[in-house]
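# Residue-level structure breakdown
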Amino acid sequence: MTDTKKRVWITGAGKGIGRALALTMARDGWQVAASARTVSDLEELVAAAPEGHIHAFPLDVCDRRATAATLASITEALGPLDLAVLNAGTHIPMGADDFSADTVQHLLNVNVLGTANGLEVLIPSFRQSGAGHIAVVASVAGYRGLPTAAAYGPSKAAIINMCEALYPELAKAGVHLSLVNPGFVDTPLTRKNDFSMPMLITAEQAAETIYAGLQRKKYEIVFPRLFAFIMKGLRLLPNKALFLISTRMLRP
């Protein structure tokens, strides 16, 4: 009998967008391998899902060897993956007043190297089979440098650039690559922001949008639409115009 179950691995599945996406896909029949550092978050996620559809694989994505071992465990337990969503990441607001190299290093380690650790083990496997789909979660914050995002923005810009560099080769090998660039989503991370977040949406709304884009195998899944349009527009502005706008964002 042919195995028709679809299998997805989602990192950063303990909270926020990752948790909402795991539940959305589980309810649609996917077998979900869910990874996060906090075991109790994964236990709560498994309990909230249809029975037998979400499987916990605790992981710190910064641990390169553990990432490889986790993929091997997932494949042994569930079978070869159809899709992997590298969603794990973190956010610490930072500007000139509290600029810290340690903060930059931490966000680069989690957001960039954590993603790279996943890509390192997924790409050879998918290229060998000539199939598969990888989605990487970045942010519209990676489009342009804005106040309070002096560490977060560069980490997401690096991920965007990385995906653009990888896309041609992966496509040639038959591997789909998607780049997810959310705007403001109500999660434990964005609640650290002490400013008004325009066009804020729920994690559940974000998950529905991401899932729809993944099903269509879109390259860039960016939302909310109007906010994405505004942020993309900033990329086209000359620096003088950008700085006029971003200076007005500063607190008095």
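What comes next concerns the included structure.

In this section: the overall build of the chain. Within the chain, the regular secondary structure consists of 8 helices and 9 strands. Taking 2.2 N^0.38 as the reference for a compact globule, 252 residues should give roughly 18 Å; the C-alpha atoms of the chain span a radius of gyration of 18 Å, in line with that estimate. Seen through its principal axes, the chain has C-alpha atoms that stretch 65 × 40 × 35 Å. In the chain, which comprises 252 residues, the proportion classed as buried is 47%. Of the contacts formed within the chain by residues at least 6 apart in sequence, a portion of 65% connects residues at least 24 apart. Here the chain has roughly 12,800 Å² of accessible surface; of this, 56% comes from carbon and sulfur atoms. Charge-centre separation for the chain: the mean point of 24 positive side chains lies 8 Å from the mean point of 21 negative side chains.

Attention shifts here to the nonpolar core. Judged by nonpolar contacts, the single largest core of 36 residues is most densely connected at W9, I74, L81, L122, I134, V136 and M231. Put simply, the parts of the chain that give this core at least two residues each are α3 (64-78), β4 (83-86), α4 (101-129), β5 (133-137), α5 (152-172), β6 (176-182) and α7 (225-236). For this core, the element with the highest residue contribution is α4, accounting for 6 residues. Ignoring anything within four residues of it in the chain, the contact list for M231 reads V140, Y143 and L146.

Using the criterion set out here, one finds 1 aromatic pair in the structure. Stacked on the ring of Y143, the Lys or Arg R235 has its end atom at 4.2 Å from the ring centre.

The subject of this paragraph is empty space enclosed by the protein. A complete count under the given rule lists 1 cavity of 30 Å³ or more for this structure. Considered as a void within the structure, the largest cavity measures approximately 60 Å³ in volume. Residue lining of the largest cavity: W9, T11, L59, V61, T67, L86, N87, A88, G114, T115 and G118, and that is the complete set. The greatest single-element share of the lining of the largest cavity, amounting to 3 residues, is contributed by α4. Across the lining of the largest cavity, the residue classes break down as 5 nonpolar, 6 polar and no charged.

Okay, the sheet that holds strand β2 (residues 31-34) next. The parallel open sheet is built from 7 strands, whose spatial order is β3-β2-β1-β4-β5-β6-β9. The sheet is open, and its two borders are formed by β3 (54-56) and β9 (220-223), each paired with just one other strand. The average angle at which neighbouring strand axes cross in this sheet is 15°, direction not considered. Looking at chain direction, β2 and β3 are connected through 3 bridges and run parallel. Residue pairing across strands places V32 opposite I54, the latter belonging to β3.

Glancing now at the packing of α3 against α4. Their axes nearest at 9 Å, the elements α3 and α4 cross at an angle of 40°. Taken together, the axis directions place α3 and α4 in an arrangement best described as oblique. In the packing of α3 onto α4, the handedness of the crossing is right-handed. Here α3 contributes R64, T67, A68 and L71 to the contact with α4, which in turn contributes N117, G118, E120, V121 and L122. Looking at side-chain class alone, the contact of α3 with α4 contains 4 nonpolar, 3 polar and 2 charged residues.

Basis of the calculations
Residues numbered from 1 in each chain as written. Predicted model: local features only at pLDDT ≥ 70, side-chain atom pairs only at ≥ 80, totals over all residues. Heavy atoms only, no water. Helix = DSSP H or I, 4+ residues; strand = E, 2+ residues; numbered from the N terminus. Rg over C-alpha atoms; globule rule 2.2 N^0.38 Å. Buried < 20%, exposed > 50% of the residue type's maximum accessible area, 1.4 Å probe, protein only. Contact = heavy atoms within 4.5 Å. Areas by Shrake-Rupley, 256 points an atom, 1.4 Å probe, with all protein chains shown as cover. Lys, Arg positive; Asp, Glu negative; His and termini not counted. Charge placed at Lys NZ, Arg CZ, Asp CG, Glu CD. Core = buried A, V, L, I, M, F, W, Y, C linked by side-chain atoms within 4.5 Å. Phe/Tyr/Trp six-rings, centres within 6.5 Å; stacked < 30°, edge-to-face > 60°. Lys NZ or Arg CZ within 6 Å of the ring centre and 35° of its normal. 1 Å grid on protein atoms, 1.4 Å probe; cavity = no way out; pocket = protein on both sides within 12 Å on 5 of 7 lines; lining within 4 Å. Points joined across faces, edges and corners; volume = space filled by probe spheres on them. Nonpolar A, V, L, I, M, F, W, Y, C, P; charged D, E, K, R; others polar. Pairing = 2+ DSSP bridges. Axes fitted to C-alpha atoms, helices over the stretch in contact; angles between N-to-C directions. Parallel < 35°, antiparallel > 145°, perpendicular 65-115°, else oblique. Left-handed = near helix turned anticlockwise from the far one by under 90°.

Treat this as a map of the structure, not an account of what it does.
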